[in-house]
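Residue-level structure breakdown
One-letter residues, chain by chain:
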Amino acid sequence: MQKNTIYILLVEDSPSDAKLLHQIFLHADKYELKMQHVERLSQAINASLTGYQLTENDNFDNSSPLVKFDLVLLDLGLPDSLGLETLKEYRAAVTDIPVVVLTGMDDEELAMQALAEGAQDYLVKDQITVQRLVRAIRYAIEREEILNKLRESEELSRKALAKEQQLNELKSNFVAMVSHEFRNPMTIVRTAMDILQNNAGLTEDRKSFYFDRVQDSINHMLQLLDEILFLSRSEAAKLEYKPALLDLVNFCEEITESFQMQVGDQYNIILNFAGECTSAYLDEELLHRILGNLMSNAIKYSPPLKNIWLNVSCRDNMATFKVRDEGIGIPEKDQNNLFQTFYRASNVRRIQGTGLGLAMVQKCVDLHGGQIYLESQQNVGTTVTVILPLNYRVGNENNS
Ligand code: ATP
Ligand code: MG
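What counts as what
Residues numbered from 1 in each chain as written. Chains lettered and ligands numbered in written order. Predicted model: local features only at pLDDT ≥ 70, side-chain atom pairs only at ≥ 80, totals over all residues. Heavy atoms only, no water. Helix = DSSP H or I, 4+ residues; strand = E, 2+ residues; numbered from the N terminus. Rg over C-alpha atoms; globule rule 2.2 N^0.38 Å. Buried < 20%, exposed > 50% of the residue type's maximum accessible area, 1.4 Å probe, protein only. Contact = heavy atoms within 4.5 Å. Areas by Shrake-Rupley, 256 points an atom, 1.4 Å probe, with all protein chains shown as cover. Lys, Arg positive; Asp, Glu negative; His and termini not counted. Charge placed at Lys NZ, Arg CZ, Asp CG, Glu CD. Axes fitted to C-alpha atoms, helices over the stretch in contact; angles between N-to-C directions. Parallel < 35°, antiparallel > 145°, perpendicular 65-115°, else oblique. Left-handed = near helix turned anticlockwise from the far one by under 90°. Nonpolar A, V, L, I, M, F, W, Y, C, P; charged D, E, K, R; others polar. Near = heavy atom within 4 Å. Polar contact = N/O pair within 3.5 Å; in protein donor to acceptor, adjacent residues only side chain to side chain. Pairing = 2+ DSSP bridges. Salt bridge = Lys/Arg side-chain N within 4 Å of Asp/Glu carboxyl O. Expected span 1.5 Å × (residues − 1). Right-handed = clockwise from strand over helix to strand, strands pointing away. Domains from an automatic or database assignment.

**Examining the overall build of the protein**
Scanning the protein from terminus to terminus reveals 9 helices and 14 strands. Taking 21 Å as the expected radius of gyration for a compact globule of 400 residues, we find that the protein reaches 36 Å, considerably beyond that expectation. Projected onto its principal axes, the C-alpha coordinates of the protein cover approximately 110 × 60 × 40 Å. The burial tally for the protein puts 41% of its 400 residues in the buried class. Sequence separation of 24 or more characterises 67% of the internal contacts of the protein that already satisfy a separation of 6 or more. Of the roughly 23,500 Å² that the protein leaves accessible, carbon and sulfur atoms contribute 50%. Distance from the positive charge centre (39 side chains) to the negative charge centre (57 side chains) of the protein: 5 Å.

The following block contains the structure:
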C-alpha cells in the first residue's frame with residue numbers, strides 16, 4: 001500500500017530532542033513523514049515561506065523541487081525567540097500552515113495559551129510516542145483544513161452580505177430620489193392649478209405662464225418615468241440590441257436640429273462629419289438615447305451663448321461621436337463615478353437632473369459593444385467620446 005507523504009518542518013534547537021523526534025518519525029508506518037529541521041524562528045519562517053526542499057533521496061515525479069509544508073512542530077524556546085512570542089511571531093508571518101507546539105513537562109499552562117493563540121495542538125516532549133505524534137499530526141492537518149473551509153465560506157457569506165447591503169442601499173437611494181424627483185413637479189402642478197382655479201382675474205399672459213409650468217412638470221415626470229423604466233429593463237436584461245442600416249448624416253442632423261429648436265439662439269450647436277457616414281449598422285433607438293443624453297448634458301451644464309459640438313466620424317468600421325461643450329466641467333474627484341445611477345457631480349448647484357442619463361448611455365454603449373470616454377476640466381468644458389463598432393453582432397456571430 002502506498003503511504004501518504006506528510007511534509008513537516010521541525011523547529012527545535014535541542015539536538016537531542018530533534019534526534020529523538022527523528023527516530024520516532026521513522027517508525028510512523030501509516031505515513032511517510034518527510035522532515036526538514038531548523039533551529040531558529042527566523043529560519044522557520046523562511047523555510048515555511050519557501051517550502052520543503054526535495055532532495056535527491058526524495059523520489060518525486062513533480063517538476064517543482066518545492067513542496068508546501070503540511071505542518072510545523074514548533075518548540076517555543078528558541079535562540080531568537082522565547083515562549084508565546086515565538087508562536088505569535090510565526091503566526092504573523094505564516095498563516096496557512098498548522099502548528100503543533102512542543103513543550104516540556106511543566107509547561108502545560110503555556111501549551112493552553114498556545115492553543116488560544118492559534119496552535120492546533122501541543123505535544124509534551126518526553127511523552128511523545130509514534131501514536132501520539134501521528135494522531136496530533138493528522139488532527140492538526142484536518143482541523144486546519146476545516147478551519148480554512150470555514151474561513152472561505154465566511155468570506156463568501158461576507159461578500160454576499162456586502163453585496164446585499166449595497167443593493168439595499170441602492171434601492172433606498174432609488175426610492176428616496178424618485179420620490180423627491182416626483183414631489184417637486186407634482187407640487188408645481190398643484191400650486192399652478194390652485195392659482196388658475198382660484199384667481200378668475202388672471203391675465204392671459206399669467207395663465208399661459210402657469211399652463212406652461214404644468215406642461216413642463218408633466219414632461220419632466222414623463223421623462224423621469226421613461227428613464228427609470230429603461231434602466232430597469234436593462235437591469236433585467238430585457239433590453240434588446242436591434243441594429244439596422246442607418247444614415248448617420250440624416251440621423252444626427254435631425255437630432256441637432258431638434259435641440260437647436262429647443263434652445264433657440266441661447267446656444268450654437270455645430271455638427272461635423274468625417275468619413276463615410278451615410279450607411280451605418282446601429283440600433284437607432286439606443287443611439288438616440290446616447291446622443292440625446294450627451295447633447296442635453298452639454299447644453300444643461302453650459303452657460304448660455306456657448307458652442308456645443310457634435311463631431312461624427314466613420315472610419316475602419318467604427319463610428320466615433322464626440323460631444324464637446326465649454327461648460328462648467330466636472331471636478332476630477334467625481335469623474336469616475338458619473339456612470340453610476342443617481343450620481344451627480346459636486347458642482348451642479350441648482351441645475352436640475354436625476355443622475356440617470358449617463359448610466360443609461362453606458363448601458364446603450366455596452367449593448368453596442370462600444371466604449372465611452374469622458375474628458376473634462378472644471379470651468380473649461382467637457383468632451384464625451386463614444387466609439388461604436390459598425391458591424392457589431394451580439395455574440396459576434398456573422399461578424400464580418
Ligand atoms: P439626467 O438623468 O436628467 O440626465 P443628470 O444630467 O444629472 O440627470 P447624468 O446625465 O447621468 O445625470 O450626468 C451625471 C452627472 O455628470 C451630472 O449630474 C453632472 O454632474 C455631470 N455631467 C454630465 N455631463 C456633463 C457635462 N457635459 N458638463 C458638466 N457636467 C456634466
Ligand atoms: Mg443628463
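Following the structure, the description resumes.
**Notes on unusual backbone geometry**
Here D316, not a glycine, exhibits a phi torsion of approximately 45 degrees, which is positive. Relative to the helices and strands, D316 resides in the loop between β11 (307-315) and β12 (318-325). Assessed through its relative accessible area of 74%, D316 is described here as exposed.

**Digging into the packing of helix α5 (residues 130-198) against helix α6 (residues 204-235)**
Where α5 contacts α6, the two axes come as close as 9 Å, and the packing angle between them is 160 degrees. One way to sum up the angle between α5 and α6 is to call them roughly antiparallel. For the pair α5 and α6, the crossing hand works out as left-handed. Residues F174, V178, E181, F182, P185, M186, I188, V189, A192, M193, I195 and L196 of α5 lie in contact with α6, whose contacting residues are K207, Y210, F211, R213, V214, S217, H220, M221, L224, L225 and I228. Of the residues in the contact of α5 with α6, the class split is 18 nonpolar, 2 polar and 3 charged.

**Brief notes about the site of ligand 1**
With respect to spatial proximity, 20 residues lie near ligand 1, and among them Y301, D325, R344, T354 and L358 are the closest. A distance of 2.8 Å separates an oxygen atom of ligand 1 from a polar side-chain atom of N297. Compared with its free state, where it exposes 590 Å², ligand 1 has 97% of that area covered by protein. Counting residues per element, the ones that place at least two in the shell around ligand 1 are α8 (284-300) and α9 (357-367). With 3 residues, the single largest contributor to the shell around ligand 1 is α8. Residues of the shell around ligand 1, tallied by class, amount to 9 nonpolar, 7 polar and 4 charged.

**Concerning the sheet that holds strand β5 (residues 71-75)**
In spatial order, the strands read β2-β1-β5-β6-β7; together these 5 strands make up an open sheet with parallel pairing. What marks the edges here is a single partner per strand, and that holds for β2 (31-38) and β7 (121-124). Here the strands of the sheet are splayed against their neighbours by 25 degrees on average, with no regard to which way each runs. Relative to the sheet, helix α1 (residues 15-26) contacts β1 (4-11), β2, β5 and β6 (99-103), its axis offset from that of β2 by approximately 165 degrees. Strands β5 and β6 of the sheet are contacted by helix α3 (residues 84-93), whose axis makes an angle of about 150 degrees with β5.

**Considerations on the pattern of salt bridges**
For the structure shown, the criterion picks out 12 salt bridges. Measuring nitrogen to oxygen at the nearest pair gives 3.2 Å for the salt bridge that ties D17 to K125. You can see D17 sitting in helix α1 and its partner K125 sitting in the loop between β7 and α5, a full 108 residues away along the chain. Exposure remark for D17: the relative accessible area of 21% places this residue in the partly exposed category. E144 is the salt-bridge partner of R91, the closest N and O atoms lying 4.0 Å from each other. One end of the pair, R91, is in helix α3; the other, E144, is in helix α5, with 53 residues separating them in the sequence. Residue R91 shares its accessibility class with E144, and that shared class is buried. Through salt bridges with shared partners, a single ionic network connects E12, D17, D75 and K125.

**A short note on α8**
When the terminal C-alpha atoms of α8 are compared, their 23 Å separation across 17 residues agrees well with the 24 Å that a helix rising 1.5 Å per residue should span. Most of α8 sits inside the fold, with 12 of its 17 residues counted as buried. All of the buried residues along α8 are L286, L287, R289, I290, L291, G292, N293, L294, M295, N297, A298 and I299. For α8, the side-chain oxygen to backbone nitrogen distance between the N-cap and E285 is 3.0 Å, and the N-cap itself is D283.

**Some remarks on the pairing of β5**
Remark: a regular strand shows side chains that alternate across the two faces of the sheet. Here β5 lies mainly inside the structure; 5 of its 5 residues are buried. Both faces of β5 are covered, namely the face carrying L71, L73 and D75 and the face carrying V72 and L74. Across 4 bridges, β5 lies against β6 in parallel orientation. Looking at the pairing, V72 lines up with V99 of β6. Tracing the backbone out of β5, into α3 and back to the parallel element β6 gives a crossover that is right-handed.

**Thoughts on the domain arrangement of the protein**
Parsing the protein into structural domains produces domain 1 (1-154), domain 2 (161-239) and domain 3 (244-344 + 354-389). Distance from the C-alpha centre of domain 1 to the C-alpha centre of domain 3: 64 Å.

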